[in-house]
Amino acid sequence: MISRLGISGRGGSGRLWRAFSTVGSTSTGHSASVCVVGAGPAGFYTAESLLRMASGRFNLKLSIVERLAVPFGLVRFGVAPDHPEVKHVENIFQGVLENRSVDFFGNVTVGRDVTVPELMQMYDAVVLACGAESNRDLGLPSEHLQNIFSARDFVGWYNAHPDFTNLPVDLSETTDAVVIGNGNVALDVARILMRNYEELARTDISNHALSTLKRSMIKRVHVVGRRGLAQAAWTAKEVREILHSVPSVAPLVADENDLKVSSVDEQELQSNRSRRRCVHIMKDAYSKGRASEELAGTKKELVFHFRRAPVEFLPDDHGKVVRADFLRTVLEGDAGRQRVVGLDDGNRLKLPAQLVVKSVGYKSVPLAGVPFDPKGSTVPNDRGKVSGEERLFVSGWLKRGPSGIIATNKWDAEETSSMAISHLSRVCDTPRTGLLGSVRLSELLQKRLVNAVPLSGWNSIDAEERKRGSEQDRPRSKIASTEALLKQAAATEIVPTAEEGSEL
């Protein structure tokens, strides 16, 4: 007997829960169940570590709960579309999902559909790995004008994140864009804005972003940082790519003084090989860029500004940004502890800007029933074990703060998993019986009419996106809206197990 999943709105989930492999199952012997909240890199690295550490010691059943209808988090929605090699890690994460000991619950919001305390009652351990779901502001009254966006929102927009499908990005009359920040995300944004349409059309960039970028009139992108060149947080790979591997870009530095490195900067660079390389690459590009300035008219100009802090954005008569003003800054203090001081000496940098993207950092948001440190944007913890909680753990950005690259989550997850396994080993000292946490969660979501998307639903989405992409000579054509994702997830036929079939 074949049961077709019915997903529409937030109702019709009565048959959906049967798609989860653990329905009707019980826990017997030395076993434990764990819920990982968040299906991004931190969640998957944690799940993989837990399964590996538990192997041969006790039976471990994992549930991965994700707010969105699809997995992979930052890999799917944060990695730039012209960096497909970084997305290969999705193959490893898919392998975790395919593990028979793992259940995927997509389209489930922890805090709304189910609370953390409820999960802690269902599972032997809960690991929070839901990342940073907000962004830092500049603290300027004018930063919310039309066509000013956070990098988190803008990156989500061009990567088909359902939350940002309708972001009102207007490039039709935009000749000058300003990207504020000196990290890899800032360079990603600048690079996407400057890529030729033909290059982007071969990637998995969202269809709505591709359409908007096709009409783009951008001639130059300014990348502006509060600190100096020596403090720029980008990697040599990212710098080298945007300076040398994007044919449409003519790199320039606005002021030769911006390339100067102080004696205190030199002390900082002595212990940071990566930043020394970036300084060398930038200085080399500047010397070549000056020689090729006559070519800038045939290319899009990429202009770097250092030691400048945003102070004001000016609108046109319709409330859309048209100019960005910056103060000059200096760095004061000892090596490793330099702080930025703004100088309002009347010497403001005034840049034309019909688009502004603020790449100044992410921040996590608190979860009800979970301790939270707003200053560090983290959950207080000891090596991943949440302070004052017996069976609650944390991994990724929520554990250490929004920093590092995707691979940073791997060692982070190892530490958290080790703490969780130590706890679970004590839980599994004696044989137990009872319903698995995933079964109890399935039943609760069914009662609350929550359309949780199982692995089969995600596989249906994945197959359809790849199919659409192959027809356009692209790796995939992403489905952007939650409604369309749920509709595609419903186009799945599930063959029940004998155990499940007896219940139909």
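As the structure is a computational prediction, the values presented were derived from the model and not from experiment. (Residues numbered from 1 in each chain as written. Predicted model: local features only at pLDDT ≥ 70, side-chain atom pairs only at ≥ 80, totals over all residues. Heavy atoms only, no water.)

(A) Representation of the nonpolar core in the model. Counting residues in hydrophobic clusters, the biggest one holds 52 residues, and the most contacted among them are Leu193, Val221, Trp234, Met282, Leu302 and Phe304. Among the elements that line this core, the one with the most residues is helix 6 (residues 184–194), at seven residues. Every residue in contact with Leu302, bar those within four places of it in the chain, is listed here: Ala190, Met194, Val221, Val223, Ile242, Leu243, Val249, Ala250, Pro251 and Leu252. Grouped together as the second largest cluster of nonpolar side chains are 48 residues, Val79, Phe93, Phe393 and Ile406 included. (Core = buried A, V, L, I, M, F, W, Y, C linked by side-chain atoms within 4.5 Å. Buried < 20%, exposed > 50% of the residue type's maximum accessible area, 1.4 Å probe, protein only. Helix = DSSP H or I, 4+ residues; strand = E, 2+ residues; numbered from the N terminus. Contact = heavy atoms within 4.5 Å.)

(B) How the structure looks around the packing of aromatic side chains. Considering all chains together, one arrives at twelve aromatic pairs under this definition. Seen from their ring centres, Phe154 and Tyr158 are 5.8 Å apart, and the 85° between their planes marks the pair as edge-to-face. Here Phe154 pairs with Tyr158, and both are found in helix 5 (residues 151–158), just four residues apart, close to one helical turn. The pair formed by Phe154 and Tyr158 is uniform in burial state, with each residue classed as buried. (Phe/Tyr/Trp six-rings, centres within 6.5 Å; stacked < 30°, edge-to-face > 60°.)

(C) Quick look at a positive patch on the surface. A cluster of basic residues, Arg240, Arg273, Arg276 and Arg277, forms a positive patch on the protein surface. Per element, the largest residue contribution to the positive patch is three residues, and it comes from helix 11 (residues 273–291). With respect to the element layout, Arg240 can be found in helix 9 (residues 236–244). A relative accessible area of 36% places Arg240 in the partly exposed class. (Patch = residues over 30% accessible without salt bridge, like charges linked within 9 Å, V, L, I, M, F, W, Y side chains within 5 Å. Areas by Shrake-Rupley, 256 points an atom, 1.4 Å probe, with all protein chains shown as cover. Salt bridge = Lys/Arg side-chain N within 4 Å of Asp/Glu carboxyl O. Lys, Arg positive; Asp, Glu negative; His and termini not counted. Charge placed at Lys NZ, Arg CZ, Asp CG, Glu CD.)

(D) Fine view of the sheet that holds strand 17 (residues 355–358). Read across the open sheet, the six strands follow the order 8-17-9-10-12-11; overall the sheet is parallel. Looking at the sheet topology across the chains shown, the edges are occupied by strand 8 (148–150) and strand 11 (249–253). Each strand of the sheet is rotated relative to its neighbour by a mean of 20°, with strand direction disregarded. Alignment of strand 9 (residues 176–180) against strand 10 (residues 220–224), held across five bridges, turns out to be parallel. When the bridges of strand 10 are listed, Val178 appears paired with His222. (Pairing = 2+ DSSP bridges. Axes fitted to C-alpha atoms, helices over the stretch in contact; angles between N-to-C directions.)

(E) Broad picture of the pairing of strand 3 (residues 31–37). Most of strand 3 sits out of view: seven of its seven residues are buried. Both faces of strand 3 are covered, namely the face carrying Ser31, Ser33, Cys35 and Val37 and the face carrying Ala32, Val34 and Val36. Sheet analysis places strand 3 next to strand 4 (residues 59–65), joined by seven bridges and oriented parallel. In the sheet register, Val37 faces strand 4, and the bridge partner there is Val65.

(F) Spatial organisation of the side chain of Asn182. Looking at the secondary structure, you find Asn182 in the loop between strand 9 and helix 6. The class for Asn182 is buried, based on a relative accessible area of 12%.

(G) Just the side chain of Arg476, in detail. Position of Arg476 among the secondary structure elements: in the loop between helix 15 (455–470) and helix 16 (482–490). Of the polar contacts made by the side chain of Arg476, one reaches the side chain of Glu465; its length is 2.6 Å. Those residues in contact with Arg476, other than ones at most four positions away along the chain, are Arg76, Glu90, Thr203, Asp204, Trp458, Asp462, Glu465, Arg466 and Gly469. (Polar contact = N/O pair within 3.5 Å; in protein donor to acceptor, adjacent residues only side chain to side chain.)

(H) View of the pattern of salt bridges. Summed over the entire model, instances satisfying the criterion amount to 39 salt bridges. Residue Glu415 pairs with Lys399 through a salt bridge whose shortest N-O separation is 2.7 Å. Separated by 16 residues along the polypeptide, Glu415 in helix 13 (residues 408–427) and Lys399 in helix 12 (residues 397–400) bring together distant segments of the chain. For the salt bridge of Arg466 with Asp462, the shortest nitrogen-to-oxygen distance reads 3.1 Å.

(I) Molecular detail of the environment of Arg383. For Arg383, the position within the fold is in the loop between strand 19 (381–382) and strand 20 (385–386). The partly exposed category is assigned to Arg383, whose relative accessible area is 45%. Taking the C-alpha atoms as reference points, Arg383 and Val394, separated by eleven residues in sequence, lie 8.7 Å from one another. Discounting residues that sit within four places of it in the chain, Arg383 has contacts with Lys399, Glu415, Thr416 and Met419.

(J) Structural detail: the pairing of strand 14 (residues 321–332). With seven bridges connecting them, strand 13 (residues 308–315) and strand 14 associate as antiparallel partners. When the bridges of strand 14 are listed, Pro310 appears paired with Phe326. Here strand 13 hands over to strand 14 after five residues, with Gly319 in that stretch at a positive phi of 85°. Relative to strand 16 (residues 349–352), strand 14 runs antiparallel, the two being bridged by four bridges. Considered in strand 16, the bridge of Asp325 is made with Lys350. Relative to strand 15 (residues 339–343), strand 14 is paired through five bridges, and the arrangement is antiparallel. Bridged to Val330 within strand 15 is Val341.

(K) Main features of the packing of helix 6 against helix 9. Viewed as axis vectors pointing N to C, helix 6 and helix 9 meet at an angle of 20°, and their least axial separation amounts to 10 Å. Viewed along their axes, helix 6 and helix 9 adopt a mutual orientation that is roughly parallel. In this structure, the crossing between helix 6 and helix 9 has a hand that is left-handed. Residues Asn184, Leu187, Asp188, Ala190 and Arg191 of helix 6 form the contact with helix 9, whose own contacting residues are Glu238, Val239, Glu241 and Ile242. Of the residues contributing to the contact of helix 6 with helix 9, the split by class is four nonpolar, one polar and four charged. (Parallel < 35°, antiparallel > 145°, perpendicular 65-115°, else oblique. Left-handed = near helix turned anticlockwise from the far one by under 90°. Nonpolar A, V, L, I, M, F, W, Y, C, P; charged D, E, K, R; others polar.)

(L) Region of interest: helix 5. Most of helix 5 sits inside the fold, with eight of its eight residues counted as buried. Residues of helix 5 that are buried include every one of Ala151, Arg152, Asp153, Phe154, Val155, Gly156, Trp157 and Tyr158, and no others. Following helix 5 by one or two positions, Ala160 adopts a phi angle in the positive range, close to 65°.

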